[in-house]
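# Working through the structure, step by step
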Amino acid sequence: MPHLVTIDNVDMRYGGAAGTLAVSGLTMKVGKGEFAAVVGPSGCGKSTLMKLVTGLHIPQSGVVVVAEKQVTKPVSIVGMAFQNPTMLPWRTTLDNILLPLEIVERHRHRLRANKKEYVEKAEHLLETVGLKGFGSKFPWQLSGGMQQRANLCRALIHEPELLMLDEPFGALDAFTREELWCVIRDLHAAQGVTIILVTHDLREATFLADRIFVMSARPGKVLKEHTVPFARPRDLEVMYEKAFNDMVHELHGEIASARVVA
Amino acid sequence: MSVLTENTATPAKPLAQRINWVKLAPWLYTIGLFVLWELLVIVLQTPPTILPAPSRVFQAIVQYWSPIWKNSLQTLYTTTVGFAIAVVAGLAIGLFIGWSKAIYAGLYPLMIGFNAIPKVALVPILVIWFGIGAVPAILTAFLISFFPIVVNVATGLATIEPETEDVLRALGAKKLDIMLKVGIPRSMPYFFGSLKVAITLAFVGSVVSETVASNYGLGNMMSSAQSQFNVPLVFAGLLMLAVEGIAMYALMAWIEMRMTGWAHRSSMSQ
Ligand SMILES: Nc1ncnc2c1ncn2[C@@H]1O[C@H](COP(=O)(O)OP(=O)(O)OP(=O)(O)O)[C@@H](O)[C@H]1O
Ligand SMILES: [Mg+2]
């Protein structure tokens, strides 16, 4: 499997030479079409890893390669979604979702002429996440969970090859979260997009990912890599199997000891 | 059942319940203030050269209506012209300052220092440059009112959520894209909010300047009335200023509501 993302022995320090060393000696590879999850203690550099991969930060040493190109500036083949939905309150949900198309070089010149086609696409995405008919509403007319769904649509509208999710379901209730897990699972299965998911929820990581990277406390590096053995497509029922719980338990133990070492 | 519907259908509520007291409150309080003022003057028997009763002030308004009207228009004119310049310049400078952290850091202290200068102290300089009349009044109104606009616009730009910026930058957005798509729309509620503050300050500026360096306007009218001990006319001028101030403020509040209604309903309201 060719690798879409390669991080090789990367150091990233914030705020100059005397600043915080966020990650150090970080190495990981994510294959094309793979679903990777990153877990680790709080403050270990998971969000930093996301920013390194998307080119928002450039490491002081080591290289990040995305789609066979070394990352030296923001790479526009990614879609991002954070815990905070960051919808723009003056735009309708539909216009919020179309926002990336106004930015990405490949689409921005076609947008005006092909508006109808893009709107159809956005409406299709809204339907996929269960928000059919909400496109004309403003974000503040939606609940937190609905905003997070719209946020996913915005991350996907420009058909990114790589989807970066930084704790996108953190603020949601258990049922909405499980529902969105299934949405993500189906998107991944249907579109073959590569996904890197940062999460604190070990069951979420185990349910969704092909591989799980466990990070050490700050400065973060990959301590351990797990391959998730459960066959796809996975049903929510898989979470009640013994093998699943054993894996969650093992991950929990590893993160707990990573915290103590720090 | 039928009894019930009958009851709710007939508007037989007592008068006191049918009046919208909240809507009426500003008028009632204003009238109350004038009544209190009138009573105070009657009880203390203050001469009209110290504190004229409101009835005496209204009488002065009627008596001097022609000069009051002319000077009110003049003041309204200098104020709105100065304010309009302040809006354009404030918006432009605010966008410029908010553009980058470095410009913000460099210019902000200068702006604070400039704002600390009492604008009255600038009037003599303006008179030396432009002579007495409408120009110093317009410029003073401009100088005093553009600062809150600049600060608000710059703040709106400088407080873009870093996550929003990250999402856009990861897509390859340039600084200009981020400003056009997020920064400027985001700073609009701050901008329109600042207009309410700025317009009242503009009146202060124009009247101060008219008082010391003009032959027209309410400021000039009040200072000459004062030198003739025509205190009711001074109060008449103050009253006209208050009316103009309230009217312009209401206009700005209305514009704000029309332009940025979303900000009042979303969590981003200030
Ligand atoms: N912009 C920044 N400037 C300075 N230091 C930063 C910055 N962003 C992060 N850090 C530091 O880098 C370290 C890693 O931060 P990061 O946000 O990557 O952690 P995280 O693993 O995402 O944490 P969490 O699980 O709480 O989200 C932290 O110690 C943090 O203090
Ligand atoms: Mg984080």
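In this convention, every chain numbers its residues from 1, walking through the sequence in written order. Each chain gets a letter, beginning with A, and each ligand a number, beginning with 1, in the order they are written. Only residues with pLDDT of at least 70 are given local features in this predicted model, and only at 80 or more are side-chain atom pairs given and counted; all residues enter the totals for whole chains, interfaces and linings. Computation of side-chain values: all heavy atoms of the structure, hydrogens and water removed.

## Re the domain arrangement of chain A
All names here are of chain A. For chain A, the assigned domains are domain 1 (1–77 + 163–175 + 195–262) and domain 2 (84–160). Two residues qualify as a contact provided that any one of their heavy atoms is within 4.5 Å of a heavy atom in the partner residue. Each side of the interface is counted separately: domain 1 has seven residues, and domain 2 has eight residues. Accessible area that two parts lose when put together, evaluated with a 1.4 Å probe and summed over both, is termed the buried area. Buried surface at the junction of domain 1 and domain 2, summed over both partners, amounts to about 600 Å²; 74% is from carbon and sulfur atoms. When the residues that make up the side of domain 1 that touches domain 2 are grouped by side-chain class, the tally is six nonpolar, one polar and no charged. Where each domain begins and ends follows an automated or database-derived domain assignment. Residues were grouped as follows: Ala, Val, Leu, Ile, Met, Phe, Trp, Tyr, Cys and Pro as nonpolar; Asp, Glu, Lys and Arg as charged; and all remaining residues, including Gly, as polar.

## Comments concerning the side chain of Ser194 of chain B
Residue and element names in this part refer to chain B. Relative to the assigned elements, Ser194 resides in helix α10 (residues 175–213). Nitrogen and oxygen atoms within 3.5 Å of one another constitute a polar contact, given that in protein one can donate a hydrogen and the other can accept it, and given that sequence-neighbouring residues count only through two side-chain atoms. Only 2.6 Å separates the side chain of Ser194 from the backbone oxygen of Phe191, close enough to count as a polar contact. Other than its neighbours up to four places away in sequence, Ser194 contacts Pro148, Ile149 and Asn152. What counts as a helix is a DSSP run of H or I of at least four residues, what counts as a strand is a run of E of at least two, and both are numbered from the N terminus.

## A look at the interface of chain B and chain A
In this assembly, 18 residues from chain B lie in contact with 24 residues from chain A. Summing the contributions of chain B and of chain A, the shared interface buries around 2000 Å²; its carbon and sulfur component is 70%. Together, Ala170, Leu171 and Lys181 of chain B form the three largest contributors to the area buried by chain B at its contact with chain A, with a combined 31%. Just to be clear on terms, a salt bridge is a Lys or Arg side-chain nitrogen sitting within 4 Å of an Asp or Glu carboxyl oxygen. Linking chain B with chain A are three salt bridges, by the criterion used here. Salt-bridge contacts for Arg108 of chain A lead to Asp177 of chain B; the nearest nitrogen and oxygen are separated by 2.9 Å. Remark: the boundary between chain B and chain A carries three residue pairs in polar contact (both at pLDDT 80 or more). In terms of residues, the side of chain B that touches chain A owes the most to one element, helix α9 (residues 162–170) of chain B, which gives seven residues. A per-class count over the side of chain B that touches chain A returns eight nonpolar, three polar and seven charged.

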